[in-house]
Amino acid sequence: MEKKHLHIAAGVIRNAEGEIFIAQRPLKSHMGGYWEFPGGKLESGESPEQALVRELEEELGIVAVPGKLLQTAEHEFPDRLITIYFFLVEEWQNAPYGREGQPSRWVKQTALIAEEFPPVNRGIVALLTE
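The protein is annotated in an unreviewed UniProt entry as 8-oxo-dGTP diphosphatase of Morganella morganii subsp. morganii KT. Heading Cofactor (unreviewed entry) of the UniProt record for the protein holds this comment: "Mg(2+)". Under the heading Sequence similarities (unreviewed entry), UniProt records this for the protein: "Belongs to the Nudix hydrolase family."

## Re the environment of Gln-102
Mapped onto the fold, Gln-102 is located in the loop between β8 (91-93) and β9 (104-108). Look past the residues within four positions of Gln-102 in its chain and what remains in contact with it is Ala-23, Gln-24, Glu-59 and Leu-60. Within the local environment of Gln-102, its side chain forms a polar contact with the backbone oxygen of Glu-59, the two atoms lying 3.3 Å apart.

## Description of the UniProt feature "binding site: Mg(2+)" (unreviewed entry) in the protein
Summarizing the sequence annotation, UniProt attributes the feature "binding site: Mg(2+)" (unreviewed entry) to Gly-39 and Glu-59 in the numbering used throughout. Spanning 21 residues, the named residues nonetheless gather at one spot, since no C-alpha pair among them exceeds 7.6 Å. Within the annotated group just given, the residues that line the largest pocket are Gly-39 and Glu-59. You can see Gly-39 is positioned in strand β4 (residues 39-41). The buried category is assigned to Gly-39, whose relative accessible area is 11%. Setting aside its immediate chain neighbours within four residues, Gly-39 contacts Ala-9, Ala-10, Glu-55, Leu-56 and Glu-59. Here Glu-59 lies in helix α1 (residues 48-60). Apart from residues lying up to four places away in sequence, Glu-59 is in contact with Pro-38, Gly-39, Gly-40, Tyr-97, Gly-98, Arg-99, Glu-100 and Gln-102.

About the cut-offs
Residues numbered from 1 in each chain as written. Predicted model: local features only at pLDDT ≥ 70, side-chain atom pairs only at ≥ 80, totals over all residues. Heavy atoms only, no water. UniProt positions renumbered as here; feature names shortened; annotations may be inferred. Helix = DSSP H or I, 4+ residues; strand = E, 2+ residues; numbered from the N terminus. Contact = heavy atoms within 4.5 Å. Polar contact = N/O pair within 3.5 Å; in protein donor to acceptor, adjacent residues only side chain to side chain. 1 Å grid on protein atoms, 1.4 Å probe; cavity = no way out; pocket = protein on both sides within 12 Å on 5 of 7 lines; lining within 4 Å. Buried < 20%, exposed > 50% of the residue type's maximum accessible area, 1.4 Å probe, protein only.

The following block contains the structure:
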């Protein structure tokens, strides 16, 4: 049986003070309880940039301008393969908040803790905290 391959766009939302906006995954979801860079799955026919804009509006209530692609990461789980496209987002309209009730917060870029994120996110955390 072939594994499901999910493509995900994630935003590294950084403000002028060098803080990154992160959200906590719902406890009942895959990798629940970990913090993450907001985003979500690409829908059929969507580019990673289009998915990012749509997901950030749905999850955080912001209208984002995707910046450069910082990193692409893959991780294989027993039941799925995921590819995540991490984009830097430094321009948006509205103040981000957990629109779906998820805990969210700003954290200094240098204070991100890799172990608080799913394994596939740890490479981007390392890149951001170098």
